[in-house]
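Understanding the architecture of this molecule
One-letter residues, chain by chain:
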Amino acid sequence: MFTHILDVFNSLKATGMVAFFVAVIPVVYKLINPYLQKKIATEKNVHAQQALELGLKLANVIVPELAILAALSKSDRKKEAMRFVNNQLKANGFNLDYQVIAGLVEKAYQAYKATGADNHFAPVTPAPTKSVTNTQSPNLTNANVENVSQTSQPTEKGDLNA
């Protein structure tokens, strides 16, 4: 008989523990869930920030290299810079949108241009001065001026020449 009474108490104790956990688990979830969501959002933001920083560093590396290539048009330079940045980001486990990468390349080009290192424009040859023309014959001077104007053709100029 004593064993039956102990069995009843043990079953009530077990049932009480189950009821306790059934009541406590949702309360704990409600309390912890906002903290977990905030932590997940923070981690996503940190990951995105790291991707943007790395993308800008990569763009800052490739833009000066491509800006001096006269064989590529400005759109080809931009496409090549974007392809390089995208490939390097994917190799490092980051995935950015096409427009974001285009913005990073543009930002890098504008920073490059602001440093004064943008050297893809054709050099300008100054016209001969009066002191130079007095020592030469007039016919020869006019021919030189015409040759200078014919050989000095401007290169492509646009808002992005990376």
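Residues numbered from 1 in each chain as written. Predicted model: local features only at pLDDT ≥ 70, side-chain atom pairs only at ≥ 80, totals over all residues. Heavy atoms only, no water.

Moving on to the overall build of the chain. A count of helical and extended segments in the chain gives five helices and zero strands. Along the chain direction, N to C, the helices and strands of the chain fall in the order α-α-α-α-α. Considering only residue pairs separated by 6 or more positions, the chain has 72% of its internal contacts joining residues 24 or more positions apart. Counting only carbon and sulfur atoms, one obtains 63% of the accessible surface of the chain, whose full area is about 12,000 Å². (Helix = DSSP H or I, 4+ residues; strand = E, 2+ residues; numbered from the N terminus. Contact = heavy atoms within 4.5 Å. Areas by Shrake-Rupley, 256 points an atom, 1.4 Å probe, with all protein chains shown as cover.)

On the surface, a cluster of nonpolar side chains totalling about 430 Å² of accessible area is made up of V27, V28, L31, I32 and L36. Tracing the backbone shows L36 in helix α1 (residues 2–67). (Patch = residues over 30% accessible without salt bridge, like charges linked within 9 Å, V, L, I, M, F, W, Y side chains within 5 Å. Salt bridge = Lys/Arg side-chain N within 4 Å of Asp/Glu carboxyl O.)

If you check helix α2 (residues 74–91), its first and last C-alpha atoms are 26 Å apart, about what 18 residues at 1.5 Å a residue would give, namely 26 Å. Residues R77, A81, M82, V85 and L89 constitute the buried set of α2. The buried residues of α2 occupy one face: seen down the axis, they fall within an arc of 130 degrees. Looking at α2, the residues exposed on the side facing more than 90 degrees away from the buried face are K79 and A91. The first or second residue beyond α2 is G93, which carries a positive phi of 90 degrees. (Expected span 1.5 Å × (residues − 1). Buried < 20%, exposed > 50% of the residue type's maximum accessible area, 1.4 Å probe, protein only. Arc of directions from axis to C-beta.)

Right, let's talk about the confidence of the model for the chain for a bit. Considering every residue of the chain, the mean pLDDT works out to 77; 72% of them sit at 70 or more. At the level of individual helices and strands, the chain shows its lowest average pLDDT in helix α5 (residues 138–151), which scores 47, and its highest in α2, which scores 92. The model gives residues 140–154 a pLDDT under 50, and that stretch makes eight contacts with residues more than four places away or in other chains. (pLDDT = per-residue confidence, 0-100.)

Turning to the pattern of salt bridges, a few remarks are in order. Under the criterion given, the structure shown has two salt bridges. E80 serves as the salt-bridge partner of R83, at 2.3 Å between the closest nitrogen and oxygen. Highlighted residues: R83 and E80, both in helix α2, separated by three residues, approximately one helical turn.

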